[in-house]
Amino acid sequence: MVAVKANDVDGVLRRVDPRIGVYLFYGPDIGLINERARLVAERSVDDPADPFQLIRIDGDDIASDPARLADEAGTVGLFGGKRALWIKATSRNIAPAVDAVLKGELQDTVIVIEGGDLAKTAPLRTVCERSQRALALPCYGDTGRDLGAVVDETLQKGGFSLSRDARTALLASLGGDRLATRGELAKLMLYAHGQGEITLADVDAIMSDVSSLAMDAVVDAAFAGEGAGLETGSRRLAAEGVHASQVLGAALRHALTLLSARLIVEEGRPVSTAVESLRGLHFRRKPLVERQLQRWTSESLKQAIAQIQASLLDTRRQADLADTIAAKTLLDLARAARR
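Note that the structure is predicted; figures quoted are calculated from it, not measured. Just so you know, the residues in each chain are numbered from 1, in the order the chain's sequence is written. At least 70 in pLDDT is required for a residue's local features to be given in this predicted model, at least 80 for side-chain atom pairs to be given and counted, and no such filter applies to totals for whole chains, interfaces and linings, which use all residues. To get the side-chain values, all heavy atoms of the structure are used, and hydrogens and water are removed first.

Q: Explanation requested: the pattern of salt bridges in the structure shown.
A: Oppositely charged side chains may form a pair once their charged atoms are brought near each other. The term salt bridge refers to a side-chain nitrogen of Lys or Arg lying within 4 Å of a carboxyl oxygen of Asp or Glu. Scanning all chains against the criterion turns up 21 salt bridges. Linking E35 and R178 is a salt bridge whose minimum nitrogen-to-oxygen distance equals 2.5 Å. Remark: R178 occurs in helix α9 (residues 178-191) and E35 occurs in helix α2 (residues 30-43); sequence separation between them is 143 residues. Given the relative accessible area of 7%, R178 is considered buried. Between K88 and E114 there is a salt bridge whose closest N-O contact spans 3.6 Å. Taken as a pair, K88 in strand β3 (residues 83-88) and E114 in strand β4 (residues 109-114) lie far apart in primary sequence, 26 residues in all. Secondary structure counts use DSSP, requiring at least four H or I residues in a row for a helix and at least two E residues in a row for a strand, with both numbered from the N terminus. Type-normalised accessible area, obtained with a 1.4 Å probe on protein chains alone, sets the label of each residue: buried when under 20%, exposed when over 50%, and partly exposed for intermediate values.

What follows is the structure in structure tokens.
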């Protein structure tokens, strides 16, 4: 058994090994899992549009009937030729069915599995990692050189060049999910249609939303313990007619995001790595979030989440006091951050 490292996956996929009958893609980047699974499934058959060559199967169907996978893998196509079984796994265990197939014979059939974010001890991952006829391939969010390659390749195909400052800002805004990255790049190219070069102004126009940035500023001030910024931002939102529940909802989402990142930090990984793992975080907020992660612990964030949830419920029960409840909650968060 040879474990494949995340940085080696693309190279492994370029060198097709005829002995491999099962490809398991797993990890937190669902978009990248889907992209790579599609690549392998479609190149494994002569005509990907032929439903008798490329067969999609739901993981729940296999979990309910484990023998079905072996039956499908052993079926000979009506007109011969190669076949691919493309499986989207769910929370139900399909490892026994995959193990049975790996112990048998696979002729002219490739099995491609989208496995989701599997733990190291997950049965499906274990079965594939232990077999000489399977590959378990990790899919993590694009960072650094990989992300740059995706951005450059996509924009070049679209006929665009990218200014240096725009590229820096764009790379800081993307990464957590390959599918989301391609979606954002598609929006950017549509916005810049008719011009040869994409500028920093174009990136800011697509990646930023004025109202959401104002909301983010208030939330960031609360979690950073900045009373003055919190007061100024809250007045602006009130003047714009933003409801208290919207502000508390944004604070709750941010607290949950911080908690997921803080747990990564408490596992011993750098703060910068935890921040890079966060999806959809505007590049201008990353330094702010790094500082917030140094102020809060997972336990204090859990307490903050409970407080915000209770306040949200109170704003529904006492609608006439919603603004007061939200203001007090945000002020309490700022005080907790300063402690």
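Structure's up, so let's keep going.
Q: Sorry, what's going on with the side chain of S298 here?
A: Examined against the element boundaries, S298 turns out to sit in helix α16 (residues 298-317). The exposure class of S298 is buried, given its relative accessible area of 11%. Filtering out sequence-adjacent residues up to four positions away, S298 remains in contact with L259, R262, L263 and E266. Contacts: residue pairs with any heavy atoms within 4.5 Å of one another.

Q: Explanation requested: helix α15 (residues 286-295) in the structure shown.
A: It helps to recall that an α-helix has 3.6 residues per turn; residues three or four apart then point in one direction. Those residues of α15 not exposed but buried are K286, V289, Q292 and L293. One side of α15 carries all its buried residues, which in axial view fall inside an arc of 115°. Here the arc refers to the directions that run from the helix axis out to each C-beta atom.

Q: Just checking my understanding: could you explain the packing of helix α13 (residues 244-266) against helix α17 (residues 322-338) for this structure?
A: Each packed pair of helices is defined by two parameters, the angle between the axes and the distance between the axes. Under this scheme, a helix contributes an axis fitted over its contacting stretch, all axes are lines through C-alpha atoms, and angles between N-to-C directions fall in the 0 to 180 degree range. In the contact formed by α13 and α17, the axes pass within 8 Å of each other and the chain directions differ by 25°. Between α13 and α17, the interaxial angle falls into the category roughly parallel. The hand of the α13/α17 crossing is left-handed. Residues A244, V247, L248 and A251 of α13 form the contact with α17, whose own contacting residues are A322, D323, A326, T329 and L330. The nonpolar class holds Ala, Val, Leu, Ile, Met, Phe, Trp, Tyr, Cys and Pro. Asp, Glu, Lys and Arg form the charged class, and all remaining residues, Gly among them, are polar. Class assignment of the residues belonging to the contact of α13 with α17 gives a composition of 7 nonpolar, 1 polar and 1 charged. We call two directions roughly parallel when the angle between them is under 35 degrees, roughly antiparallel when it is over 145, roughly perpendicular when it lies between 65 and 115, and oblique otherwise. Whether a crossing is left-handed or right-handed is set by the direction in which the near helix is turned from the far one by less than a right angle, anticlockwise for left-handed and clockwise for right-handed.

Q: Just to check I follow, could you spell out α13 for this structure?
A: With 23 residues, α13 extends 32 Å between its outermost C-alpha atoms, agreeing within 8% with the 33 Å of an ideal straight helix rising 1.5 Å per residue. Residue G268 follows α13 closely and has a positive phi angle near 105°. Under the convention used throughout, the expected extent of a helix is 1.5 Å for every residue step, that is, one less than its residue count.

Q: Sorry if this is basic, but what is going on with the nonpolar core here?
A: Soluble globular proteins: nonpolar side chains tend toward being buried together. Counting residues in hydrophobic clusters, the biggest one holds 40 residues, and the most contacted among them are F223, L293, I308, L330 and L333. Of all the secondary structure elements, the ones that give two or more residues to this core are α11 (210-224), α12 (227-239), α13, α14 (271-276), α15, α16 and α17. At 12 residues, the largest contribution of residues to this core is made by α13. The residues contacting L293, other than those within four sequence positions of it, are L258, A261, R262, V271, A274 and V275. Residues enter a nonpolar core if they are buried and are Ala, Val, Leu, Ile, Met, Phe, Trp, Tyr or Cys, with the set joined through side-chain atoms within 4.5 Å. In terms of nonpolar packing, the next biggest core, distinct from the first, is built from 28 residues, Y26, L106, A134 and A136 among them.

Geometric descriptors of this kind do not, in isolation, establish any biological role.
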